[in-house]
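Structural features, examined
So the chains spell out like this:
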Amino acid sequence: EPEVTQTPSHQVTQMGQEVILRCVPISNHLYFYWYRQILGQKVEFLVSFYNNEISEKSEIFDDQFSVERPDGSNFTLKIRSTKLEDSAMYFCASSEGEGAAMGAFFGQGTRLTVV
Amino acid sequence: RKEVEQDPGPFNVPEGATVAFNCTYSNSASQSFFWYRQDCRKEPKLLMSVYSSGNEDGRFTAQLNRASQYISLLIRDSKLSDSATYLCVVNPGGATNKLIFGTGTLLAVQP
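Residues numbered from 1 in each chain as written. Chains lettered and ligands numbered in written order. Predicted model: local features only at pLDDT ≥ 70, side-chain atom pairs only at ≥ 80, totals over all residues. Heavy atoms only, no water.

**Here we look at the overall build of chain B**
Looking only at helices and strands, chain B features zero helices and 11 strands. In sequence order, chain B lays out its α and β elements as β-β-β-β-β-β-β-β-β-β-β. Taking 13 Å as the expected radius of gyration for a compact globule of 111 residues, we find that chain B reaches 13 Å, a close match to that expectation. Along the three orthogonal principal directions, the C-alpha set of chain B runs to about 45 × 30 × 20 Å. In chain B, which comprises 111 residues, the share counted as buried stands at 48%. Partitioning the intrachain contacts of chain B with sequence separation of at least 6 by distance along the chain shows that 56% fall at a separation of at least 24. As presented, chain B carries roughly 5,200 Å² of accessible surface, and 49% of it is formed by carbon and sulfur atoms. Between the centroid of the 11 positive side chains of chain B and the centroid of its 10 negative side chains there is a distance of 4 Å. (Helix = DSSP H or I, 4+ residues; strand = E, 2+ residues; numbered from the N terminus. Rg over C-alpha atoms; globule rule 2.2 N^0.38 Å. Buried < 20%, exposed > 50% of the residue type's maximum accessible area, 1.4 Å probe, protein only. Contact = heavy atoms within 4.5 Å. Areas by Shrake-Rupley, 256 points an atom, 1.4 Å probe, with all protein chains shown as cover. Lys, Arg positive; Asp, Glu negative; His and termini not counted. Charge placed at Lys NZ, Arg CZ, Asp CG, Glu CD.)

Dropping the structure here:
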């Protein structure tokens, strides 16, 4: 069964450092997303990406965040200068041609710990 | 009013019990509705979409009431493996492709 894969599974970084979280979406999917979940809280939307550009972003996705699809398979989230409050589980997701109308499939997540 | 609201639980039920979860959403124009399941510290997994006519998948039945902006999930004959957090999720539709998650309802099925 096709799945979304994310690396690394856990990343510890010092405050102020840059991190890049990596994802390989399901191969025939067209929409890609990043969500995050702070421990004990709900899953929150960060950004959606379609046709090689950001299609929507939330208030959380400020200038410190960027996304890229550097090749035909990878989708990355970069946080330029991490803050303590960026500590969370980051989930990559993808969905088929109708966007989120049929739901989205999530990767296993990257647990980011900022110290 | 929260965009998607759920009773956080926990719901503690014995094996074999029937349990129902409810969810309300605030945007009456919302287009698509889902139940996801999330195990502790794992990713959300799509359990089922929810259709206006109601739909069933084995022991799971989902219902949507658009007039009341209310979604439900019924689990029959609960198994120990059903223990998880159940997330009510809404896609507002229109120009947006984001999913809006509720905080989840924790289910603990006990032997």
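**Focus: the interface of chain B and chain A**
Accessible area lost upon the coming together of the parts is a frequently used measure of interface size. Facing 18 residues of chain B, the contacting portion of chain A comprises 23 residues. For the pairing of chain B and chain A, the buried interface totals around 1,700 Å² over both sides, and the portion due to carbon and sulfur atoms is 55%. Among the residues chain B hides against chain A, the three largest losses belong to Arg41(B), Asn97(B) and Phe101(B). Together they make up 34% of the total. Applying the counting criterion to the chain B and chain A interface returns seven residue pairs in polar contact (both at pLDDT 80 or more). Of all the secondary-structure elements, those providing two or more residues to the side of chain B that touches chain A are strand E4 (32-38) and strand E5 (44-50) of chain B. (Buried area = accessible area lost by both parts, 1.4 Å probe. Polar contact = N/O pair within 3.5 Å; in protein donor to acceptor, adjacent residues only side chain to side chain.)

**Concerning the packing of aromatic side chains**
As enumerated under the stated definition, the model contains 17 aromatic pairs over all chains in all. Residues Phe49(A) and Phe75(A) carry aromatic rings whose centres are separated by 5.2 Å and whose planes lie at 45° to one another, so their mutual orientation is tilted. Note that Phe49(A) is positioned in strand E5 (residues 43-50) and Phe75(A) in strand E8 (residues 75-79), a separation of 26 residues in sequence. Pair check on accessibility: Phe49(A) and Phe75(A) agree, each one buried. Members of the aromatic cluster, each reached through a chain of ring pairs, are Tyr33(A), Tyr35(A), Phe45(A), Phe91(A), Phe106(A), Phe34(B), Tyr36(B) and Phe101(B). (Phe/Tyr/Trp six-rings, centres within 6.5 Å; stacked < 30°, edge-to-face > 60°.)

**Points about the sheet that holds strand E7 (residues 60-65) of chain B**
Residue and element names in this part refer to chain B. Sheet architecture is open: five strands sit in the order E1-E3-E8-E7-E6, paired in antiparallel fashion. Edge positions in the open sheet fall to strand E1 (4-6) and strand E6 (55-57), since each of these has one partner strand only. Across the sheet, the mean angle from the axis of one strand to that of its neighbour is 20°, orientation sign disregarded. As paired elements, E7 and strand E8 (residues 70-75) share six bridges and run antiparallel to each other. Looking at E8, one finds that Thr-61 is bridged to Leu-74. (Pairing = 2+ DSSP bridges. Axes fitted to C-alpha atoms, helices over the stretch in contact; angles between N-to-C directions.)

**Focus: the state of the cysteines**
Under the criterion given, the structure shown has two disulfides over all chains. One disulfide in the model links Cys23(A) with Cys92(A); its S-S distance is 2.0 Å. In this structure, the disulfide formed by Cys23(A) and Cys92(A) twists by about -65° around the S-S bond and is classed as left-handed. Taken together, the positions of Cys23(A) in strand E3 (residues 19-24) and Cys92(A) in strand E9 (residues 88-95) put the pair 69 residues apart, joining distant regions of the chain. Taking the relative accessible area as the measure of exposure, Cys23(A) reaches 1% and is therefore buried. Take Cys92(A): its relative accessible area is 0%, and that puts it in the buried class. In this model, Cys23(B) is linked to Cys88(B) through a disulfide, with the two sulfur atoms separated by 1.9 Å. (Disulfide = S-S within 2.5 Å.)

**A closer look at the sheet that holds strand E7 (residues 65-68) of chain A**
All names here are of chain A. The strand order across the open sheet built from four strands is E1-E3-E8-E7, with neighbouring strands paired in antiparallel fashion. Two strands lie at the open edges of the sheet, namely strand E1 (5-7) and E7, each paired on one side alone. Averaged over all neighbouring strand pairs, the angle between strand axes comes to 20°, with direction disregarded. Where E7 lies against E8, four bridges are found, and the strand directions are antiparallel. The partner of Phe-65 across the bridge, within E8, is Ile-79.

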